[in-house]
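Below, each chain spelled out in residue letters.
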Amino acid sequence: MASLRQPITTSAIFLAVVVGLGNLLPLSEDLARWRSLLALVVLLLVLGMVATHFAGRPRPRAPVVVRAPLTGEWRAVSSPATKVPSHGTHLFAQTWAIDLVDARDSVDMSLLGRPRLPEDFAGFAMPVRAGVIGQVVSVHDKARDHRSRDSWASLPLLLVENLVRGLIGHRGTFGNFVTIEASDGRYIAYAHLRRESIRVRPGDDVSPDTLIGECGNSGASSQPHVHIQAMDCSSLRTAVGVPIAFETKTFTGVPARGEVM
């Protein structure tokens with residue numbers, strides 16, 4: 001069912017836009033009938049979206065334990081310790097995903113702040129390590145690092161941009177990413193990495209301390225941060241999310257929203 005979510009969602013949004021435009025235009029009787037038919041199709045697709053959403057809800061399992069992949073202090077923004085699904089969706093296996101922002105960077109939305117260069121953030125280009133013993137299965141590192149979208153004035157742009165990225169698929173959403181098959185047979189994905197910072201390639205063996213890339217602001221990202229998630233298979237398009245936990249010298253678990261790890 002997970003493999004059906006993306007095409008159903010994309011089709012529903014596209015046809016809903018077509019129907020919406022049709023409501024704004026004067027149409028002939030025949031075209032009005034087609035508009036009504038499309039509206040019915042949209043309703044059926046929405047019901048399909050709901051069905052695949054609940055059918056694809058993963059059952060809780062033992063978490064994949066990841067040794068702290070980041071140095072310094074990082075603040076949880078979207079966290080499965082606060083709510084599940086942490087990002088409000090099961091799409092692209094994001095059920096138990098977590099977003100980590102460098103603690104030196106503010107995560108408060110300003111009112112009218114201008115979009116900032118990614119280099120203006122302390123977390124940008126900070127090293128990201130594998131955190132597990134395993135093997136790299138997929139890499140994407142050509143997405144650009146865009147300016148921040150961290151003000152209320154830029155929120156409409158962020159929402160539209162993220163919708164378009166979601167329609168493009170997992171590459172549009174995650175930007176630059178690395179997927180690793182861990183030694184227990186499950187998978188870890190690191191997303192929003194800095195363009196051309198990725199140091200590994202598919203087939204490379206990694207240890208917890210292997211440098212895989214750097215924190216960036218690629219994909220559906222409002223400011224430089226690292227998105228981390230665990231999955232049951234290697235495909236970001238069809239995988240189902242599984243829980244994740246971090247192991248540090250003083251902490252084992254998942255920080256809640258606003259907590260520093």
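See the structure shown above.
If you're wondering where the values come from, they're calculated on a predicted model, not measured in any experiment.

Asks: So what about the nonpolar core? Which residues, and what values?
Replies: In this structure, Leu100, Val178, Ile180, Ile188, Tyr190 and Ile228 are the most contacted members of the largest nonpolar core, which totals 31 residues. Elements supplying a minimum of two residues to this core: strand E1 (64-67), strand E2 (74-76), strand E3 (98-102), strand E5 (134-140), strand E6 (176-182), strand E7 (187-193), strand E10 (226-231) and strand E12 (244-247). Counting eleven residues, the second largest nonpolar core, distinct from the first, contains Phe177, Tyr187, Ala189 and Ala239.

Asks: How would you sum up helix H3 (residues 155-168)? Please name residues and give values.
Replies: Spanning 14 residues, H3 covers 20 Å between terminal C-alpha atoms, matching the ideal 20 Å at 1.5 Å per step. When H3 is considered as a whole, its buried residues turn out to be Leu158, Glu161, Arg165 and Gly166. Along H3, the residues classed as buried sweep out an arc of 140 degrees about the axis, all on the same side. Exposed and oriented more than 90 degrees from the buried face of H3 are Pro156, Leu159 and Val160. Gly169 sits one or two residues past H3 and shows a positive phi near 125 degrees.

Asks: Can you tell me about the environment of Pro80, naming the residues and giving the values?
Replies: Following the sequence through the fold, Pro80 ends up in the loop between E2 and E3. Among the residues examined, Pro80 registers a relative accessible area of 14% and is labelled buried. Non-local contacts of Pro80, meaning those with residues more than four positions away in its chain, are made with Ser86, Trp96, Ala97, Ile98 and Val254.

Asks: Would you mind going over the sheet that holds E1 in detail, with residue names and values included?
Replies: The three strands lie next to each other as E1-E12-E13, forming an open sheet whose pairing is mixed. At either end of the open sheet lies a strand with only one pairing partner, and these are E1 and strand E13 (252-253). Here E1 runs beside E12; their pairing, made up of four bridges, is parallel. From the neighbouring strand, Val65 faces E12, where its bridge partner is Ala245.

Asks: Account for the packing of aromatic side chains, with residues named and values stated.
Replies: The relation between two aromatic rings is expressed through the spacing of the ring centres and the mutual angle of the planes. Across all of its chains, the model carries one aromatic pair by this definition. When the ring of Phe92 is compared with that of Phe174, the centres are 6.0 Å apart and the planes differ by 65 degrees; the resulting orientation is edge-to-face. Separated by 82 residues along the polypeptide, Phe92 in the loop between E2 and E3 and Phe174 in helix H4 (residues 170-174) bring together distant segments of the chain. Here Phe92 matches Phe174 in class, with each residue buried.

Rules of the game
Residues numbered from 1 in each chain as written. Predicted model: local features only at pLDDT ≥ 70, side-chain atom pairs only at ≥ 80, totals over all residues. Heavy atoms only, no water. Core = buried A, V, L, I, M, F, W, Y, C linked by side-chain atoms within 4.5 Å. Buried < 20%, exposed > 50% of the residue type's maximum accessible area, 1.4 Å probe, protein only. Helix = DSSP H or I, 4+ residues; strand = E, 2+ residues; numbered from the N terminus. Expected span 1.5 Å × (residues − 1). Arc of directions from axis to C-beta. Contact = heavy atoms within 4.5 Å. Pairing = 2+ DSSP bridges. Phe/Tyr/Trp six-rings, centres within 6.5 Å; stacked < 30°, edge-to-face > 60°.

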